[in-house]
Structure formats: C-alpha cells, structure tokens
Amino acid sequence: MKKLTILFLFTLFTISCKKEVKGLIVEKAMVVSAREEASKIGVAILEKGGNAFDAMAATELALAVAYPYAGNIGGGGFMIYRKNDGEIGALDYREKAPLAAHKDMYLDSLGNVIKNKSTLGATAVGVPGTIAGVFASHKRFGKLPIEEIIQPVIELAYKGVVVTKKQEKRIQKYQPNFPKANKNKILFDKKWKAGDTIKYVALAKTLTRIQQNGRDEFYKGETAKKLAQFLQENGGYVTEEDLAKYEAKWRTPITFQYDNLRVISMSPPSSGGICLAQIMNALEPYELDKFGHNTAKSIQVITEAERRAYADRSFFLGDPDFVKIPVKELISKEYTKKRMDNFSFEKPTKSSEVSHGNIEMVESDETTHYSIVDQYGNAVSVTTTINGAYGSKLYCSELGFFLNNEMDDFSSKPGEPNMFGLIGAEANKIAPEKRMLSSMTPTIVEKEGKLYMVVGTPGGSTIITSVLQTILNVHEYNMGMQEAINQPRFHHQWLPDVIRMEPNSFDPKVKDQLKTIGYELDETNSPVIGKVEGILILPNGKLEGGADPRGDDKAVGF
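Predicted, not measured: the structure shown is a model, and the values here were computed from it.

(A) Summary view of the overall build of the protein. When you go through the protein residue by residue, the secondary structure sums to 19 helices and 21 strands. Seen through its C-alpha atoms, the protein measures out along the principal axes to roughly 80 × 55 × 45 Å. For the protein, with 558 residues in total, the buried portion stands at 64%. Total accessible area computed for the protein in this model is approximately 21,200 Å², and 53% of it derives from carbon and sulfur atoms.

And the structure:
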C-alpha cells in the first residue's frame, strides 16, 4: 500500500510539473507569420494606430521580401475578416487564367499531359492578384495612408534579409530548377548560406513605383508593361490586357456551427471552407474528447470524414463564376450524415468504394499564412501563395520577384492527378479568366458570438486537415494555441488511399492498431504537414499566438 501511495504521489508530481506549452501572450494586438521580419512590420503598423487591414497590407508585402519561397507579389490569395462589430467577409485575390488559356493547353497531340508545362517556367503563370488584393482590402477598410504602410517594406528590401538555416536548405533544394526556368542567372543562383544577407534592390524599386502610383502601377503602368513583356519573351500567355482586366473579388464566406463554435472560412474558388464544414459536420456526433487525442479511434473517424469530403471536392468544386456549386447541400448536416452512413469502426471504407456524393478537384505545399488581431478587435486570416516552392521558378530580375505556377491548380486533364496528387474534374477545367481551385483555408472561429480563434496554414492539399486538427486540438482537447500547433498531424485526401503521417511522431501502438484494422500508413512523404499560424483569445481577453516550430515562423504583438 505504501509503495502504491508513493507511486501515486510521484505520478501526481510529474503531471503537475509537466511544462505547460504556451505561445506568446499579449494584451492588445498580434501578427503571426512565416517570418519575424514580416510579423514585426505588421505589428509596427498597428502600433502607429493602423488596424488589421493596414497590417494585412504591410505583412503581405513584407512576406514578398522576407519569404520569397511563398510570400509574393507574383501570386494571389484569400482573406477572411471579422470586424469588431461582428461583420464578416471574404476577399478573393486568387490568380486567373489568361485570356489565351484553353482546356487542352497543357496536352500534347495525343491528349497526354505535357510534363512541366503547367509547373515550370512562363507557361505555368496565371495572372497575379496579390497587389489587387492588398489595395482592395486597404481601400475598403484601411486607416493609414498606403504610402506609409509600404515604406517599411521598401526599407526592408533595401536593407536585406538574413538567411536562416531553413532558408539555406530550401534554396539549395530548389536551385537545380532555377536554370530550367530562367534564361539568365538570377539572384537565387548564388550559394547563399545561413547568416548571409540578401538585398532585394529590384523589388524595392518595384514597390517604390507601386507606393507612388498605386494599384494601377502593377496592372497598367510601367511594371505591368515590363512584366507582360518578360512573360511573353519567355513563352508565357499573360499579356498587358490580362493584367489590365484583373480585379480582386469580394465574396461571402462559408459559415457553419460545430458545438458552440461558429466557423467562418473561405468560399469557392477555395475548397477550404466547404471541405472543413463537411469534415466537422461528420465529426460533430462523435465524442472525440472521450476517444482521446491522436488515438486510433480519433484518427480513424477523422480519416473517414476527410476521405468523403475530398472525394466531393474533386467533383463539385471550381470557380463559382463559371460553375454551379451546390454549397448549401454540401455543407448541410443531413448530407454529411448520409455520407457517413457506411462508416464502421470495424474496417476502413476503401476510397475505391467512395465516389462523390449524390447531389447531382489540385495544389501546393508551399503556400504561406498569417493571422492578425488588432487592438480594436478586428481580425484577419490570410493565406497567400505562388503555388509551388518559388512558384514557377521563373524570376523577373528586373522587377525582383518570382512568378506563380498556379495554372497547375486547374485540372490539366480531368481525372489526372496534379503535382500534389489531387484529382481534378470538369468543374475545375481551364477556361479564360477563370480562377483555379484552391485548398487555402483562412479561418476565423467565434465562440458564443465572440472572436475566439484566427487560424490558417500552408500545406497544399493538407491545409484543410491541418486547420481542422488545430481547431479540434483547442476545442476538443483543451490545448492552448501553441500546444495545439505543436502536435503531430496526419492527413487523408481520398486518393491515394493512405493516411499520411508526420514521421516518428505517433504512438507505435496506435499505428499498429490502425494497420490491424486495415489502414495503410505513409510516414515517408510528409516530414511536415502544414505550418500553422494561430491566435487564440483567452478567457481573460488576452491573445495567445501560436507560431509553427516547423518553420521560421514568429508571433509578435503588444
């Protein structure tokens, strides 16, 4: 008995001494992004009296300087916002297909997909939307002059950004592809090492022209002319007319209830909000908190919910300006209940047996996300991308930035997987001026009517599942934001029929249980699943920022 008492006291002591994982906690305002330099510039704008939308413009442009791997002015993105009065909305500044685009543009004479044509070089580039998005958001909601917001970004570009160890590895990994896309040497051909400073002088000059001449500089001015000429000389499709016609678009976000939470996420052409709603609707009847975090039972039910949502994604979703999407039906709880009718804890549902539902999709790992809450209570959640790592690898040395390879997010050929293994269908086929389908899932969560979480991540097809697991970790398993983000993640996307897992992170017993039931596990292809940036509003009103340790990510606030 005495031994048992000592053992019990020791166990209690070790539990009470378990180090609590907490992110940065601040009183008023916060920016969490992929690079400290960008987070600091965003927060400096807030400290000047700017709001979340001013900080959005500053952070977005600062990421184009500090994080060229995914931050950009040559790509596009999505923003979800919630103002302090409860007003919500969404901004779509996703890239568009050029006017010369057509459904067979990446197929050879036999109808086969031409390797690299939609991924590498000028032929892969869609019409960029980032500058339009920054200016549209600022025009509607900004407080500070845009010139003042852009100034610190220009200064950062001239001063330069210190290379981190992770950045050094990224540049080295992708360097062999730069000569394949570019005729001449580019800034990133140099053997950059951790501790070196990269100065972005050409980009600083481009940003200065935008600062002086506004949005039209990028779409109709000198920059537009230079960009169109550069793309044409490299065999691309984007013209001055394409740039002049581009507009960002305000959209209605996807909203749904999960327990006492209201989740606000991105609507099509992002698949994020609809897929997140479908998965969470499927999970709501199950007692995940009782199953336990990352147990075989929890992983199984989440996997099966994901499998069904991703099957629907590939069939129904595309640009809502071009295809009719049954949004109301897809996110209804009745529809999801029917989709889960054939689920059993006894065995997996094979993906070959799961088609799209009966009411009668594509994507990159190298995106970036940032979350902002300002001192006035406004929140923005923004995911932005050039698609692949360094986009199309095509770098305009005169203007100082990489171009996207977003055209690969269309179905080059319906039924064929894209570079991330996602199967596309007719709804996402290529058409002039159409926006390509995305998995980006910028999300804001309310709890009992009040702002509760701001969350999002890069990760291509794994974005939706990373956002999902972070929300569940906080809501179902009572974790703080940093602790929720630090947890190992898994992913299922219908096809291929495997559960991808971050390696050496899950309990071997849990993995054995899943294999015994009949699941195939893959720990080789996902060393990193998502790099989540989140902000949690604590019961005392303070903000806890979670920055993903998988990258150089950083929360900054005051």
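There's plenty left to go through after this.
(B) Up close: the nonpolar core. Formed by 85 residues in total, the largest nonpolar core has its most connected members in V65, F188, F218, L231, L243, I372 and V380. Ranked by the residues each element gives to this core, the list is headed by helix α3 (residues 52-66), at twelve residues. In terms of nonpolar packing, the next biggest core, distinct from the first, is built from 82 residues, F78, I463, L521 and V532 among them.

(C) Up close: the sheet that holds strand β4 (residues 88-93). The strand order across the open sheet formed by seven strands is β7-β4-β3-β11-β10-β2-β21, and the pairing between neighbours is antiparallel. At either margin of the open sheet sits one strand with a lone partner, and together these are β7 (249-251) and β21 (554-557). Within the sheet, the average angular offset between the axes of one strand and its neighbour, ignoring direction, is 15 degrees. Where strand β3 (residues 76-82) meets strand β11 (residues 379-385), seven bridges bridge the pair, whose relative direction is antiparallel. When the sheet's bridge partners are listed, Y81 is paired in β11 with V380. Contacts from helix α4 (residues 130-141) reach β3, β4, β7 and β11, with the element oriented near 150 degrees to β4.

(D) Region of the structure containing helix α12 (residues 272-283). With twelve residues, α12 should cover 16 Å at 1.5 Å per step; its first-to-last C-alpha distance of 16 Å lies within 8% of that length. The complete set of buried residues in α12 reads G272, G273, I274, C275, L276, A277, Q278, I279, M280, N281, A282 and L283.

(E) Here's a closer look at the environment of D408. Turning to its location among the elements, D408 is positioned in the loop between β13 (401-402) and β14 (443-447). Taking the C-alpha atoms as reference points, D408 and K447, separated by 39 residues in sequence, lie 37 Å from one another.

(F) Summary view of the side chain of T462. Take T462: it is sitting in the loop between β15 (450-456) and α17 (463-475). With near-sequence residues (within four places) excluded, T462 lies in contact with H491, R500, I529 and G530.

(G) Focus on the pairing of β15. Of all seven residues making up β15, six are buried, and the element is well covered by its neighbours. Note that β14 and β15 share five bridges and pair antiparallel. Each bridged residue has a counterpart across the sheet, and for T443 the counterpart in β15 is V455. With antiparallel pairing between neighbouring strands as the criterion, β14 and β15 make up a hairpin whose turn holds two residues, including E448 at a positive phi of roughly 50 degrees. Here β15 pairs with strand β19 (residues 533-537) via four bridges, running antiparallel. Note that in β19 the partner of M453 across the bridge is L536.

(H) Looking closely at the packing of α4 against helix α5 (residues 146-159). Viewed as axis vectors pointing N to C, α4 and α5 meet at an angle of 140 degrees, and their least axial separation amounts to 11 Å. Relative to α5, α4 is oriented oblique. Between α4 and α5, the contacting residues are V134, F135 and H138 on the first element and I146, I149 and I150 on the second. In the contact of α4 with α5, the residues fall into five nonpolar, one polar and no charged.

(I) Expanded view of the environment of Q212. When you line up the elements, Q212 lands in helix α8 (residues 201-213). Considered as a pair, Q212 and I154 are 58 residues apart in the sequence and their alpha carbons are 12 Å apart.

(J) Inspection of the pattern of salt bridges at higher detail. Here the structure, examined in full by the defined rule, presents 34 salt bridges. Note that E27 and K542 form a salt bridge whose closest N and O atoms lie 3.5 Å from each other. Here K542 falls in the partly exposed class, since its relative accessible area comes to 29%. In the salt-bridge network here, residues are joined through shared partners; they are D92, K249, R251, D319, D321 and R435.

(K) Looking closely at unusual backbone geometry. Each neighbour pair has its own omega, and for P268 with P269 the value is 20 degrees, a cis peptide bond. Following L495, the chain continues into P496 via a peptide bond in cis, with omega recorded as -5 degrees. Phi is positive for D259, which is not a glycine, with a value near 55 degrees. Turning to its location among the elements, D259 is positioned in the loop between β8 (254-258) and β9 (261-265). A positive phi angle is found at N478, which is not glycine, with a value near 55 degrees. Position of N478 relative to the elements: it lies in the loop between α17 and α18 (481-486). What makes N478 exposed here is its relative accessible area of 68%.

(L) Layout of helix α19 (residues 508-517). Looking at α19, one finds that the buried residues are V510, K511 and L514. Mapping the buried residues of α19 onto a view down its axis gives an arc of 100 degrees, with all of them on the same face. Exposed and facing more than 90 degrees away from the buried side of α19 are P508, K509 and T516. Packed against the buried residues of α19 are α14 (296-316), β17 (499-501) and β18 (521-522). The distance from a side-chain oxygen at the start of α19 to the backbone nitrogen of K509 is 2.8 Å, and the residue carrying that oxygen is D507.

(M) Representation of the packing of aromatic side chains within the structure. With the rule as written, the count across this model stands at 27 aromatic pairs. Here Y286 and F343 contribute two aromatic rings whose centre-to-centre distance is 5.9 Å and whose plane-to-plane angle is 80 degrees, an arrangement assigned as edge-to-face. Here Y286 is found in the loop between α12 and α13 (288-291), whereas its partner F343 is found in the loop between α16 (333-339) and β10 (367-373), with 57 residues between them in sequence. Here the aromatic residues Y67, Y69, Y174, F178, F188, Y200, Y390, Y395 and F402 are joined through ring pairs into a cluster of three or more. Of note, K190 hangs over the ring of W192, and the distance from its end group to the ring centre comes to 4.1 Å. Against the face of F345 rests K297, its NZ or CZ located 5.0 Å from the ring centre.

(N) Structural context of the sheet that holds strand β20 (residues 543-547). Spatial ordering of the open sheet is given by β1-β20-β19-β15-β14-β9-β8, a layout of seven strands whose pairing is antiparallel. Lying at the two open borders of the sheet, with one neighbouring strand each, are β1 (24-26) and β8. In this sheet, adjacent strand axes meet at a mean angle of 20 degrees when their direction is disregarded. Here β8 runs beside β9; their pairing, made up of five bridges, is antiparallel. What sits directly across from I254, in β9, is S265. Contacting β8, β9 and β14, α12 runs over the sheet at an angle of about 15 degrees to β8. Packed on one face of the sheet, α17 meets β8, β9, β14, β15 and β19 and runs near 140 degrees to β15.

Analysis parameters
Residues numbered from 1 in each chain as written. Predicted model: local features only at pLDDT ≥ 70, side-chain atom pairs only at ≥ 80, totals over all residues. Heavy atoms only, no water. Helix = DSSP H or I, 4+ residues; strand = E, 2+ residues; numbered from the N terminus. Buried < 20%, exposed > 50% of the residue type's maximum accessible area, 1.4 Å probe, protein only. Areas by Shrake-Rupley, 256 points an atom, 1.4 Å probe, with all protein chains shown as cover. Core = buried A, V, L, I, M, F, W, Y, C linked by side-chain atoms within 4.5 Å. Pairing = 2+ DSSP bridges. Axes fitted to C-alpha atoms, helices over the stretch in contact; angles between N-to-C directions. Contact = heavy atoms within 4.5 Å. Expected span 1.5 Å × (residues − 1). Parallel < 35°, antiparallel > 145°, perpendicular 65-115°, else oblique. Nonpolar A, V, L, I, M, F, W, Y, C, P; charged D, E, K, R; others polar. Salt bridge = Lys/Arg side-chain N within 4 Å of Asp/Glu carboxyl O. Arc of directions from axis to C-beta. Polar contact = N/O pair within 3.5 Å; in protein donor to acceptor, adjacent residues only side chain to side chain. Phe/Tyr/Trp six-rings, centres within 6.5 Å; stacked < 30°, edge-to-face > 60°. Lys NZ or Arg CZ within 6 Å of the ring centre and 35° of its normal.

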